[in-house]
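Structural characterization, general
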Amino acid sequence: MNRVILIGRLARDPEIRYTQSGKAFCRFTIAVDRRFSRAAQQEGQQTADFIPVTCWEKLAEICGNNLTKGRRIGVEGRIQVRSYDGSDGQRKYATDVVADNVEFLDSKNAGGASGGYDAPMGRSVAPAAGGTAPDMMGPVIPDDDIPF
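Residues numbered from 1 in each chain as written. Predicted model: local features only at pLDDT ≥ 70, side-chain atom pairs only at ≥ 80, totals over all residues. Heavy atoms only, no water.

1. Some words on unusual backbone geometry
Of note, Glu57 is a non-glycine position whose phi angle comes to about 55°, a positive value. Relative to the helices and strands, Glu57 resides in helix H2 (residues 57-66). You can call Glu57 partly exposed: its relative accessible area is 43%. (Helix = DSSP H or I, 4+ residues; strand = E, 2+ residues; numbered from the N terminus. Buried < 20%, exposed > 50% of the residue type's maximum accessible area, 1.4 Å probe, protein only.)

What follows is the structure, given as structure tokens:
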């Protein structure tokens, strides 16, 4: 089974592009903290893995239009390994995650701080108990009325 679930922060703004046939795809990199032993944490060792993510079609447009560097997100998808011949004639390999689902885990205006609620794929949801709703643009639309 090829499934991966990641939670982290965007390392840079997403890049949205279109194939020659007009199919949207979006690429971004997610920084996922790597946990160490308690002894290593006390010594100040902390690092992150920077994992490239690609999403397609409607999800690509949603991510490209709503995500910015520093946003906390959850990604669910599969690992894909591609190979190609480089300009030097050598076989090269690229590994990335192809996202099936992206969850926005903080508000758009949070500046990297968690808003205390989950907003799956940009949908408006009620805040967590005791939390406040972020400033939303436009009316709140029920999930049943969203076409994706």
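What follows picks up the thread again.
2. Quick look at the confidence of the model for the protein
Atomic detail in the predicted coordinates should be set aside for any region of low pLDDT. On average, residues of the protein carry a pLDDT of 77, and 66% of them reach 70 or more. Across the protein, element-level confidence peaks in strand S1 (residues 4-10) with a mean pLDDT of 95 and bottoms out in strand S7 (residues 119-120) with 40. Taken as a whole, residues 111-138 scores under 50 in pLDDT and shows 51 contacts with residues more than four places along the chain or in a different chain. (pLDDT = per-residue confidence, 0-100. Contact = heavy atoms within 4.5 Å.)

3. Some remarks on H2
Those residues of H2 lying buried are Leu59, Ala60, Ile62 and Cys63. End-on, the buried residues of H2 take up no more than an arc of 165°, which puts them together on one face. Taken together, the buried residues of H2 touch strand S2 (15-18), strand S3 (24-34), strand S4 (47-56) and strand S6 (91-104). (Arc of directions from axis to C-beta.)

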